[in-house]
Amino acid sequence: MIENEQAELIFMTLEEKLEKTANVLKEEFATIRAGRANPHILDKVQVEAYGSMMPINQVGNVSAADARCLVISPWDKSVLKSIEKAILSSNIGINPTNDGNVIRLVFPELTEERRKELVKQVKRMGEDAKIAARNNRREAMEGIKKLKTAKEISEDEAANCEQDVEKSVGKCVEEIDKTVAAKEKELLTV
């Protein structure tokens, strides 16, 4: 348990940053197309409707009709063209089909080559997340070192704080590895 308030603050800041790093990675993975219909692939797509830019899920209902087809049912049919245009310009790699009532996105089967490319991309994103976690560790260690140099915490307290930081970063890196492995498995499952 950390006794010093400043050391506690450094540790809490580290915990928040590590959690955010892991969550951002999971959000990024949600937008990677794995050959299955996943409504999260549209999370970053913005539609021009009613004079402003809005996320797709605020202009209509996005649902998975089956494992390979998403259906977007707009609440107002006048935004169908805007939704279609937004999807085309978003570079998600799927052409929408508009039947006048709903927009369908049919996900093609991924080729083996594309799956391997996506796995490389996932691993690279995982490595970037680990680098971010290590940078957070470095910042926390520097903060602890400053407290030790300023004689605000003892050598023993500093050593304990450093151990706590290492444990937290280790847990975060482990979680990142599990997330990467799970996404990799999902991508390689045909």
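Here is a short report on the structure shown in this document.

Thresholds, definitions, all that
- Residues numbered from 1 in each chain as written.
- Predicted model: local features only at pLDDT ≥ 70, side-chain atom pairs only at ≥ 80, totals over all residues.
- Heavy atoms only, no water.
- Helix = DSSP H or I, 4+ residues; strand = E, 2+ residues; numbered from the N terminus.
- Pairing = 2+ DSSP bridges.
- Axes fitted to C-alpha atoms, helices over the stretch in contact; angles between N-to-C directions.
- Contact = heavy atoms within 4.5 Å.
- Buried < 20%, exposed > 50% of the residue type's maximum accessible area, 1.4 Å probe, protein only.
- Polar contact = N/O pair within 3.5 Å; in protein donor to acceptor, adjacent residues only side chain to side chain.

Along the chain, the position of Glu 112 falls in helix α3 (residues 112-149). When the C-alpha atoms of Glu 112 and Lys 178 are compared, they prove to be 23 Å apart, with 66 residues separating the residues in sequence.

Next up on the list: the sheet that holds strand β6 (residues 103-106). Overall, antiparallel pairing links the four strands, which are arranged β3-β4-β6-β5 in an open sheet. Where the open sheet ends on each side, the last strands, each with one partner, are β3 (60-66) and β5 (96-98). Pairs of neighbouring strands in the sheet enclose a mean axial angle of 25 degrees, with direction left out of account. Two strands pair when backbone bridges link them, and β5 and β6 are joined in this way by three bridges, in the antiparallel orientation. Within β6, the position partnered with Pro 96 by the bridge is Leu 105. Sitting on the sheet, helix α2 (residues 80-89) touches β4 (69-74), β5 and β6, and the angle it makes with β5 is about 165 degrees.

Further remarks concern the environment of Asp 177. Inspection of the secondary structure assignment puts Asp 177 in helix α4 (residues 155-188). Under the relative-accessibility criterion, Asp 177 is labelled partly exposed at 34%. As a C-alpha pair, Asp 177 and Asn 135 span 42 residues in sequence and 17 Å in three-dimensional space. At 2.7 Å, the side chain of Asp 177 forms a polar contact with the side chain of Lys 130.

The next thing to look at is unusual backbone geometry. The general pattern is negative phi for most residues beyond glycine and trans for most peptide bonds. In this structure, Tyr 50 is a non-glycine residue whose phi angle is positive, near 55 degrees. Take Tyr 50: it is sitting in the loop between β1 (46-49) and β2 (52-55). A positive phi angle, close to 60 degrees, is found at Lys 151, a residue other than glycine. Mapped onto the secondary structure, Lys 151 falls in the loop between α3 and α4. Among the residues examined, Lys 151 registers a relative accessible area of 73% and is labelled exposed.

In short, geometric facts, not functional conclusions.
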